[in-house]
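What follows is the residue order along each chain.
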Amino acid sequence: MTTFLDKIRGRTRVVISETERALHICKGELQGILGPGEHSLKNGRGTLVIERQSMAMPQFRSAYEKALFDKLPQVAEEHLTVIRTGPGEVAIVERDNRIHTVLGPDERLVLWTDAGPWTFKVIDTAADPALTQKLMRRLGDARQTQQFVIVPVTDGSVALLFMDGVLTKVLEAGVHAFWKAGRTVTQKVIDLKRQALDVTGQEVLTLDRVTIRINLSADYRVVDPVKAATEVKDFTDTLYRALQLVFRKQLGALKLDQILEKKGEVNAEAAGKIKADMAEIGVEVSDIVLKDVILPGEMREILNKVVAAEKEAEANVIRRREETNATRSLLNTAKVMAENPVMLRLKELEALEAIAGKVDRLTVHNGTGGLMNDLVRLRDDNAA
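Just so you know, these numbers come straight off a predicted model, no measurement behind them. (Residues numbered from 1 in each chain as written. Predicted model: local features only at pLDDT ≥ 70, side-chain atom pairs only at ≥ 80, totals over all residues. Heavy atoms only, no water.)

Considering the overall build of the chain
So, point 1. Counting its secondary structure elements, the chain contains 11 helices and 18 strands.
So, point 2. In the chain, which comprises 384 residues, the share counted as buried stands at 32%.
So, point 3. Considering only residue pairs separated by 6 or more positions, the chain has 65% of its internal contacts joining residues 24 or more positions apart.
So, point 4. When the accessible surface of the chain is totalled, it reaches about 24300 Å², and 51% of it is carbon and sulfur. (Helix = DSSP H or I, 4+ residues; strand = E, 2+ residues; numbered from the N terminus. Buried < 20%, exposed > 50% of the residue type's maximum accessible area, 1.4 Å probe, protein only. Contact = heavy atoms within 4.5 Å. Areas by Shrake-Rupley, 256 points an atom, 1.4 Å probe, with all protein chains shown as cover.)

Here it is as structure tokens:
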């Protein structure tokens, strides 16, 4: 505490705790750094300035930084740790084996050495752009992820890694991390599993000038991801357009009846051209199917009438066939009866019995003599 004598002498007592340090400035000029303890300092006419800094905030920040390093380099070296990175470099700064921060390229960090023992590692990211799994986890736990990019790749896929637009590596399944370090790091994930591509609602004008809509489907898989990603802008879009163009040309050369007759079939030449073209960009196409042929409303009505007429004609043929069979059966029966009078008489009696069972009274003209005589004769003939 400043005493009366100190005031007479133009001095001021300053106490610095263990948890802080202070810059000593007198008459606007930097005098040095004050450590823990009590200090008696000149303070003529109130020109003393004490700039306290807490060790809980280990980074050194002050308007007097340049003056400190220029005028008092030995004091700065004693109390401060300076870390610098060059172009394309990053630095991992640790204290007590824990990551404190990560510097990007062309950065400078000044830390209070008294805040704890500092260690750091400068990495040339051009020579070593990838992070190890262990380092990636440590930086993630410390929430220091601003200087690198994470590239996750799922099973059945690969990722193409581009740095500043240049393809540099093909990544297999797993989690990968790469330093950005002033570069643009991007990735393109390619699914290697077999997939289906549907081309729906494509309008085609047939040879007989009927507008129809078709739905196509193709199964494909990427066998060369580098070619698939670099030879064309979008290999899926390329396959889609190839299916459109080839089948419009193929079906446009056929009449509607031909298309309907071969529905579901795909021209081998057209399919072969698509497969060959896609193979050149690393895509294997297997099955190509013409799934649906959709007709306009008026054409469906006409075809429904045609189908109904065809079915009616088929029904007429069947009816005539049945009538012919029935007539032939009657003719055969008549021949049998003509050759066998007994059979004819039995049929007459069956008919008479059937009629008698359905009426209340039966009138027999010309008397019953002829009928009974026939019955007796029939009995006699059977007895003989």
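Describing the sheet that holds strand E15 (residues 185-191)
So, point 1. Here three strands make up an open sheet; going across it, the order is E13-E12-E15 and the pairing antiparallel. Each end of this open sheet is capped by a strand with a single partner; those strands are strand E13 (166-171) and E15. The sheet shows a mean angle of 25° between the axes of neighbouring strands, direction not considered. (Pairing = 2+ DSSP bridges. Axes fitted to C-alpha atoms, helices over the stretch in contact; angles between N-to-C directions.)

Observations regarding the nonpolar core
So, point 1. Formed by 35 residues in total, the largest nonpolar core has its most connected members in Ile212 and Leu243.
So, point 2. For this core, the elements supplying multiple residues, two or more each, are strand E12 (157-163), strand E16 (195-205), strand E17 (211-222), helix H5 (225-230), helix H6 (235-252), helix H7 (256-261), helix H8 (268-279) and strand E18 (283-294).
So, point 3. Counting residues in hydrophobic clusters, the runner-up holds 20 residues, among them Met55, Ala76, Val110 and Trp112. (Core = buried A, V, L, I, M, F, W, Y, C linked by side-chain atoms within 4.5 Å.)

Some remarks on H8
So, point 1. Between its first and last C-alpha atoms H8 spans 16 Å; for 12 residues at 1.5 Å apiece the expected length is 16 Å, and the two agree.
So, point 2. Among the residues making up H8, those that are buried are Ala270, Ala271, Ile274 and Met278. One side of H8 carries all its buried residues, which in axial view fall inside an arc of 95°. Across H8 from its buried face, at more than 90 degrees, point the exposed residues Ala268 and Glu269.
So, point 3. Residues of H8 that are buried make contact with H6 and E18. (Expected span 1.5 Å × (residues − 1). Arc of directions from axis to C-beta.)

Let's talk about the packing of H6 against H8
So, point 1. Running from N to C, H6 and H8 point in directions that differ by 160°, and their axes come no closer than 10 Å. Classified by the angle their axes make, H6 and H8 are roughly antiparallel. For the crossing formed where H6 meets H8, the hand is right-handed. Residue-level contacts link Phe235, Thr238, Leu239, Ala242, Leu243, Val246, Phe247 and Gln250 of H6 to Ala270, Ile274 and Met278 of H8.
So, point 2. Its residues placed into classes, the contact of H6 with H8 shows nine nonpolar, two polar and no charged. (Parallel < 35°, antiparallel > 145°, perpendicular 65-115°, else oblique. Left-handed = near helix turned anticlockwise from the far one by under 90°. Nonpolar A, V, L, I, M, F, W, Y, C, P; charged D, E, K, R; others polar.)

Some points on the pairing of E16
So, point 1. Pairing of E16 with E17, which is carried by nine bridges, proceeds in the antiparallel orientation. Residue pairing for E17: glutamine 195 is matched across the bridge by tyrosine 220.
So, point 2. Between E16 and E17, which pair antiparallel and follow one another directly, the connecting turn spans five residues, one of which, arginine 209, has a positive phi of 65°.

Comments concerning the side chain of glutamate 65
So, point 1. Position of glutamate 65 relative to the elements: it lies in helix H2 (residues 65-71).
So, point 2. The class for glutamate 65 is buried, based on a relative accessible area of 19%.
So, point 3. Not counting residues up to four positions away in its chain, the partners in contact with glutamate 65 are Phe60, Arg108 and Val110.

A word on the sheet that holds strand E5 (residues 48-54)
So, point 1. Pairing in this open sheet of three strands is antiparallel, and the strands run E3-E2-E5 from one edge to the other. Every interior strand has two partners, whereas the edge strands, strand E3 (29-34) and E5, have only one. Each neighbouring strand pair of the sheet contributes to a mean axis angle of 20°, computed without reference to strand direction.
So, point 2. As paired strands, strand E2 (residues 20-26) and E5 are joined by seven bridges and run antiparallel to one another. Looking at the pairing, cysteine 26 lines up with leucine 48 of E5.

Here we look at the side chain of arginine 183
So, point 1. On the secondary structure map, arginine 183 appears in the loop between strand E14 (174-179) and E15.
So, point 2. Put simply, arginine 183 is tucked away with no salt bridge, and the nearest opposite charge, on aspartate 164, sits 5.5 Å away.
So, point 3. Setting aside residues up to four positions removed in sequence, arginine 183 forms contacts with Thr125, Ala126, Pro129, Met163 and Asp164. (Lys, Arg positive; Asp, Glu negative; His and termini not counted. Salt bridge = Lys/Arg side-chain N within 4 Å of Asp/Glu carboxyl O.)

Thoughts on the packing of aromatic side chains
So, point 1. One pass over the structure, following the stated rule, counts two aromatic pairs.
So, point 2. On the numbers, 5.3 Å between centres and 80° between planes, the contact of phenylalanine 60 with tryptophan 112 is edge-to-face. Here the residue phenylalanine 60 occupies a position in the loop between E5 and H2, and tryptophan 112 occupies one in strand E9 (residues 108-112), the gap between them amounting to 52 residues. There is no split in this pair, since phenylalanine 60 and tryptophan 112 are both buried.
So, point 3. Where phenylalanine 148 meets tryptophan 179, the ring centres are 6.1 Å apart and the plane angle is 85°; that geometry is what we call edge-to-face. (Phe/Tyr/Trp six-rings, centres within 6.5 Å; stacked < 30°, edge-to-face > 60°.)

Things to note about the environment of glutamate 231
So, point 1. Its location among the elements puts glutamate 231 in the loop between H5 and H6.
So, point 2. Once the C-alpha coordinates of glutamate 231 and isoleucine 281 are considered, the two residues, 50 residues apart in sequence, prove to be 6.0 Å apart.
So, point 3. If near-sequence neighbours (up to four positions away) are discounted, glutamate 231 is found in contact with Val226 and Ile281.

Overview of the pairing of strand E1 (residues 11-16)
So, point 1. Residues Thr12, Val14 and Ile16 point to one face of E1 and are all buried, whereas Arg11, Arg13 and Val15, pointing to the other face, are not buried.
So, point 2. Inspection of the sheet shows E1 paired to strand E4 (residues 37-42) by six bridges, in the antiparallel sense. Bridge assignment links valine 14 to a residue of E4, and that residue is histidine 39.

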